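# Observations on the model geometry
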Amino acid sequence: MKAATAGWLLLAAVWGGAARGAPADRAGEMPPIAAQTSAAVGDVLAQDGDLYFAPNGLYGYINGGAELYLEFGFVGLDVKHYRVEIAGKVHDLAVESYRMTDPAAALGIYLARKGRETPTAELAARHTVNSYQLLAVQGTLFLQVNNFGGDSACLPAMTTLAASHLASEPPVPPLGIWDLLPAAGRLPGSEFLLRGRFALQPIYTFGEGDVLLLEETGALAAGARYSGGPGGDVTRIAVVYGAAQDARRALANLRAQRDPYLEVVRADLQRLVLRDYAGKYSVICLVDWGLEITLSLAAAP
Amino acid sequence: MNSAPGYGSMQRWWELKRRDFLKLSATASAGLVLGRPSFGQEQAAAPPARAQTNIDAVKDAPRVASSLPGPLPGRVVAVTDEHVVVDGTVDKAAVAAMFARGLQTLTGRDAQGSFELLLRRDDVVGIKPNPVGAGLISTRHEVVDAIIDWLTGCGLPRGNIVIWDRFESMLLEAGFTPERYPGVGIEALQIIDENFDPESGDTTGYLAADGRHLSCDRFDPEVVYWADCEAPQDAAYLNQHVFNDQRSPFGKLLTQRLTKIINVPVFKNTGNGISMATKNIGYGAIANTGRLHRPLFFDVCTEVLAFPVIRDKLVLNVTDGIRGQYDGGPGPNAGFIYDHKTLYLATDPFALDRTCHDLLVAKRKQMQVDVNEHPRFTEYLRYGERLGLGIADPARIEVVTV
């Protein structure tokens, strides 16, 4: 990471009026973020007034989106506000550090939030950035840098702030769960993780509630879109359960509690073939590690 | 009590026993539940019973000339100007020109003719922006300015215009202030004590001495959206929602003062759906909405618009797509903001939302955001069509692009 030298100056870190919720007592709740922005970027004049949100206070900060964080495994949110001067113009930036329970939780949130990735070479951690926002993930930390003004002159400052917050975060090895799915035909950037109904919502509607028993069993699922030829792209999902009986129960539960728009085409104890509202087919197979799911097939297998 | 709680006769509705209400309304409301397709030999799980509401009491109320979907059902105009945003700055004159062109294309009449089609000079007109995400994705002032200039240019007194929202703090934070709009009314349906700390127990910031919310009297006990959904009983909820029983009263501003409404939402998503024309009113016109999200969500956007207080007054919808947000909504999410440079106009909010839903889905796909196109996310629009409030079938919607 290049030094934060682009001629910008952090004038003041925080203004209390930005608070939308009361910080919780942070003692013992949030692992410290060792990298202090002041060390990395220079003239930070103040660091007081930071906000901290424990899990039960997250709704107060991101009303409408907190469920997804809690579902993946959320420890705490640290928010710092910065005032940055670039070429005589003052900009307000905010750094939101979401501490998640484990690397899969942090990556899951990142993948759910990233959209099309547009990274810069200036940051080593996986990230995407535009003039309004930078999202990054490393270890158990999911980071969001906001620039509501949208001035692209702030991009170097946003990148520098992200790098400084991520600096002490140990890198983790890649998550191996995608190895359960074929590599051939996978569309780059289409990967996602699931730990419950909220992450599943934008992917597919199997039914109401925790129909795949992801939350009940603590299962982790990974998926991606695949080039499907003339029939269109398909989505493949690997759901890894802790015990074989959990996978069997989930298959039976899906069959019994499936969405009213899902028609059973074929079913036995090992496999379920469904037809959805769009006339596409889904196959759910019981395998030795859990359930292997293929969605949006043009023809019945 | 011999009938379900109804529009205009809500005084003692809360005395109705719940079991009586369910018995009375079960048959009539069965048709509201998302229809289950008949294909397949193996029966799927029965969908959970939808929460009961008092929609039956209003859906057949006599209609008037201005009732939804208005004079132009199924007609949507999209006006795009590639130069309306330059280097992040919105060109006010360009917005005004877009609005004028859009209105003329929508009605086939000039500004004065459009006014006479939809409004009268003695109307009291409420302009409903969406102030959420102030400055980032809230309704742009340039659009509201264009609407006000049209109204006043056609002879409506400036004092007959009220910019309104449910929450006072959001309205002000988004810049809808008396200073910004001199001579125009700025009114919210309610206040929230922004500094309320549940742990302090100090409720004086939002409760009167009699224990009622300070904004209680701003809502009309005679005009109530009733839903069999329980509300949280904690102080924070009451502070934010004014009521915490099964009543969601409409604001008195709407029931007693405004004679027409112009709806100015923004182009953004909420999950797999959209938060635009029908939601801006559906969740903006009534109190006690927090309890409704999970059990009813989009259906509220339809049923609230079926109440005559909205159905007969909502004459124009202008979706502000100068800047759009394709994911992360309904709250502001800077990572998914883009310059869409388009205004959408319609008298029919259901045709408008259906059109914008499909456009937003296309944008989400383009940006590689996961898209779930399950019919459940547009069912509320078809429900609106069944209630005669608009057109939701894309094949019957005419989209005119200029």
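First things first, this report covers the structure right here in the doc. It should be emphasised that the depicted structure is a prediction, and the values quoted were computed from it without experimental measurement.

Once that is clear, we can look at the overall build of chain A. When its secondary structure is counted, chain A shows seven helices and 14 strands. Considering chain A as a whole, with its 301 residues, one finds that 52% of them fall into the buried category. Long-range pairs, those at least 24 residues apart, make up 62% of the contacts in chain A with a sequence separation of at least 6. For chain A, the accessible surface area stands at approximately 12300 Å², while carbon and sulfur atoms represent 53% of it.

Moving on, we come to the pairing of strand E9 (residues 260–264) of chain B. All names here are of chain B. In terms of burial, E9 is largely enclosed, as five of its five residues are buried. With five bridges connecting them, strand E4 (residues 125–129) and E9 associate as parallel partners. Residue pairing across strands places Lys128 opposite Asn263, the latter belonging to E9. Direction of pairing for E9 relative to strand E12 (residues 314–325): parallel, over a ladder of three bridges. Opposite Ile262, over in E12, you have Leu316 as the bridge partner.

This part takes up the pattern of salt bridges. Residue and element names in this part refer to chain A. Enumeration over the complete set of coordinates arrives at 34 salt bridges over all chains. For Arg83, the salt bridge goes to Asp92, with nearest N and O atoms at 2.7 Å. For Arg83, a relative accessible area of 30% translates into the label partly exposed. On the accessibility criterion, Asp92 (33% relative accessible area) is partly exposed. Its salt-bridge partner being Arg275, residue Glu263 comes within 3.8 Å of it at the nearest N-O pair. One end of the pair, Glu263, is in strand E11 (residues 263–267); the other, Arg275, is in strand E12 (residues 271–275), and twelve residues separate them in sequence. A relative accessible area of 29% means that Arg275 is categorised as partly exposed. If you follow the salt bridges from partner to partner, you end up with Glu216, Asp246 and Arg249 in one network.

To continue, consider the packing of helix H2 (residues 92–107) of chain B against helix H4 (residues 141–153) of chain B. Residue and element names in this part refer to chain B. Packing of H2 against H4 brings their axes to within 9 Å, and their N-to-C directions diverge by 55 degrees. By the angle class used here, H2 and H4 are oblique. Crossing geometry of H2 relative to H4 is assigned as right-handed. For the pair H2 and H4, contact is made by Lys92, Val95, Ala96, Phe99 and Leu103 and by Glu142, Val143, Asp145, Ala146, Ile147 and Trp150, respectively. Here the residues of the contact of H2 with H4 sort into eight nonpolar, no polar and three charged.

Rules used in this analysis
Residues numbered from 1 in each chain as written. Chains lettered and ligands numbered in written order. Predicted model: local features only at pLDDT ≥ 70, side-chain atom pairs only at ≥ 80, totals over all residues. Heavy atoms only, no water. Helix = DSSP H or I, 4+ residues; strand = E, 2+ residues; numbered from the N terminus. Buried < 20%, exposed > 50% of the residue type's maximum accessible area, 1.4 Å probe, protein only. Contact = heavy atoms within 4.5 Å. Areas by Shrake-Rupley, 256 points an atom, 1.4 Å probe, with all protein chains shown as cover. Pairing = 2+ DSSP bridges. Salt bridge = Lys/Arg side-chain N within 4 Å of Asp/Glu carboxyl O. Axes fitted to C-alpha atoms, helices over the stretch in contact; angles between N-to-C directions. Parallel < 35°, antiparallel > 145°, perpendicular 65-115°, else oblique. Left-handed = near helix turned anticlockwise from the far one by under 90°. Nonpolar A, V, L, I, M, F, W, Y, C, P; charged D, E, K, R; others polar.

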